[in-house]
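Reading the structure
Here are the chains, one letter per residue:
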Amino acid sequence: AQTVTQSQPEMSVQEAETVTLSCTYDTSESDYYLFWYKQPPSRQMILVIRQEAYKQQNATENRFSVNFQKAAKSFSLKISDSQLGDAAMYFCAYRKGGSEKLVFGKGMKLTVNP
Amino acid sequence: SAVISQKPSRDICQRGTSLTIQCQVDSQVTMMFWYRQQPGQSLTLIATANQGSEATYESGFVIDKFPISRPNLTFSTLTVSNMSPEDSSIYLCSVTPRLAGGGGNEQFFGPGTRLTVL
């Protein structure tokens, strides 16, 4: 079975600084997708960024980028120029190709200090 | 993308009663998913609801406890039956919209229903 591990339950960062959230996963599949979701106190799950396993290039969305290390099964999220609105729970998630099911990590609480 | 609404947004219920949560999507979707998020925890998939067929439940979840309806391509309900305080959670529905040309398959989430069982 696929598993997703987020080993850091909490992190904090100063506003305008950069922070990296770690995620590792375990799978024997070759076709899969990885996601980072953000859940602010409003509870709304928001997709931050996604990565297709077959793509070597790391995904980037504005201030958010990933470091996808396929051999190491690592998928970290880098947030640059952190903003107060980035404070939230962040969940790493995995989806096998051809399946719609998401497997989530335990999440990590990010605090942004002014 | 997809806009998803859930009703109720929150409720406080008595032990032994049942609550039905509604999930409405602004577009037709093949699959709808129901998740449970216990306090301070991650999301756990309860079941997958396909229109016109029985829902598929994940290990640890049964139809008698969490009956699901999927009458059409834009609507689903999840009932939490015979509730106990351990059922206090946030319940979220999510969908994967159809995309022309395939690919994508982003999963979008509703705002969640916060359930407290006394």
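Going by the structure above, here's the rest.
Keep in mind it's a predicted model, so treat the numbers as computed, not measured.

**Topic: the overall build of chain A**
For chain A, the helix and strand inventory stands at zero helices and twelve strands. Of the regular secondary structure in chain A, the N- to C-terminal order runs β-β-β-β-β-β-β-β-β-β-β-β. Against the globule reference of 13 Å for 114 residues, chain A gives a C-alpha radius of gyration of 14 Å, in line with a compact fold. On the principal axes, the C-alpha backbone points of chain A span a range of 40 × 25 × 20 Å. Sequence separation of 24 or more characterises 56% of the internal contacts of chain A that already satisfy a separation of 6 or more. When the 13 positive and 11 negative side-chain charges of chain A are each reduced to one mean point, those points stand 6 Å apart.

**Concerning the interface of chain B and chain A**
Taken together, the 25 residues of chain B in the interface contact 17 residues of chain A. Between chain B and chain A, roughly 1,700 Å² of surface is buried when both sides are summed, and carbon and sulfur atoms account for 47% of that area. When the buried area of chain B at its contact with chain A is split by residue, S42, E106 and F109 of chain B rank highest and sum to 27% of it. On inspection of chain B and its partner chain A, the count reaches one salt bridge. A salt bridge links E58 of chain B to K101 of chain A, with the nearest nitrogen and oxygen atoms 3.0 Å apart. Scanning the region where chain B abuts chain A turns up ten residue pairs in polar contact (both at pLDDT 80 or more). Where the side of chain B that touches chain A is concerned, the elements lending two or more residues are β4 (29–37), β5 (43–50), β9 (89–97) and β11 (113–117) of chain B. Per-element accounting of the side of chain B that touches chain A gives the leading share, four residues, to β4 of chain B. Residues belonging to the side of chain B that touches chain A are distributed by class as follows: nine nonpolar, twelve polar and four charged.

**A word on the pairing of strand β1 (residues 4–7) of chain B**
All names here are of chain B. Burial along β1 is one-sided: I4 and Q6 are buried, while S5 and K7, pointing the other way, are not. Pairing analysis gives four bridges linking β1 to strand β3 (residues 19–25), with the strands arranged antiparallel. Paired with I4 across the bridge in β3 is V25.

**So, the environment of G52 of chain B**
Of note, G52 of chain B is situated in the loop between β5 and β6 (56–57). According to the relative accessible area criterion, G52 of chain B is exposed, its value standing at 71%.

**What about the pattern of salt bridges?**
Side chains that differ in sign of charge can pair as their charged atoms come close. For the structure shown, the criterion picks out six salt bridges over all chains. Residues D86 of chain A and R63 of chain A are paired through a salt bridge, measuring 2.8 Å at the closest nitrogen-oxygen approach. Taken together, the residues span a long stretch of sequence, with D86 of chain A in the loop between β9 (74–79) and β10 (88–96) and R63 of chain A in the loop between β7 (60–61) and β8 (64–69) at a distance of 23 residues. Comparing D86 of chain A with R63 of chain A, the two get one shared label, buried. With a closest N to O distance of 2.7 Å, D87 of chain B and K65 of chain B form a salt bridge. Residue D87 of chain B is located in the loop between β8 (75–80) and β9, and its partner K65 of chain B is located in the loop between β6 and β7 (68–72); the two are separated by 22 residues in the primary sequence. The network of salt bridges with shared partners includes R50, E52 and K55 of chain A.

**Details of the state of the cysteines**
Residue and element names in this part refer to chain A. Enumeration over the complete set of coordinates arrives at two disulfides over all chains. Disulfide partner of C23: C92, at an S-S distance of 2.0 Å. Here C23 and C92 share a disulfide; its torsion about the S-S bond, -70 degrees, makes the bridge left-handed. Of this pair, C23 sits in the loop between β3 (19–21) and β4 (24–26) while C92 is found in strand β10, placing the two residues 69 residues apart along the sequence. A relative accessible area of 2% means that C23 is categorised as buried. For C92, a relative accessible area of 0% corresponds to the buried category.

Basis of the calculations
- Residues numbered from 1 in each chain as written.
- Chains lettered and ligands numbered in written order.
- Predicted model: local features only at pLDDT ≥ 70, side-chain atom pairs only at ≥ 80, totals over all residues.
- Heavy atoms only, no water.
- Helix = DSSP H or I, 4+ residues; strand = E, 2+ residues; numbered from the N terminus.
- Rg over C-alpha atoms; globule rule 2.2 N^0.38 Å.
- Contact = heavy atoms within 4.5 Å.
- Lys, Arg positive; Asp, Glu negative; His and termini not counted.
- Charge placed at Lys NZ, Arg CZ, Asp CG, Glu CD.
- Buried area = accessible area lost by both parts, 1.4 Å probe.
- Salt bridge = Lys/Arg side-chain N within 4 Å of Asp/Glu carboxyl O.
- Polar contact = N/O pair within 3.5 Å; in protein donor to acceptor, adjacent residues only side chain to side chain.
- Nonpolar A, V, L, I, M, F, W, Y, C, P; charged D, E, K, R; others polar.
- Buried < 20%, exposed > 50% of the residue type's maximum accessible area, 1.4 Å probe, protein only.
- Pairing = 2+ DSSP bridges.
- Disulfide = S-S within 2.5 Å.

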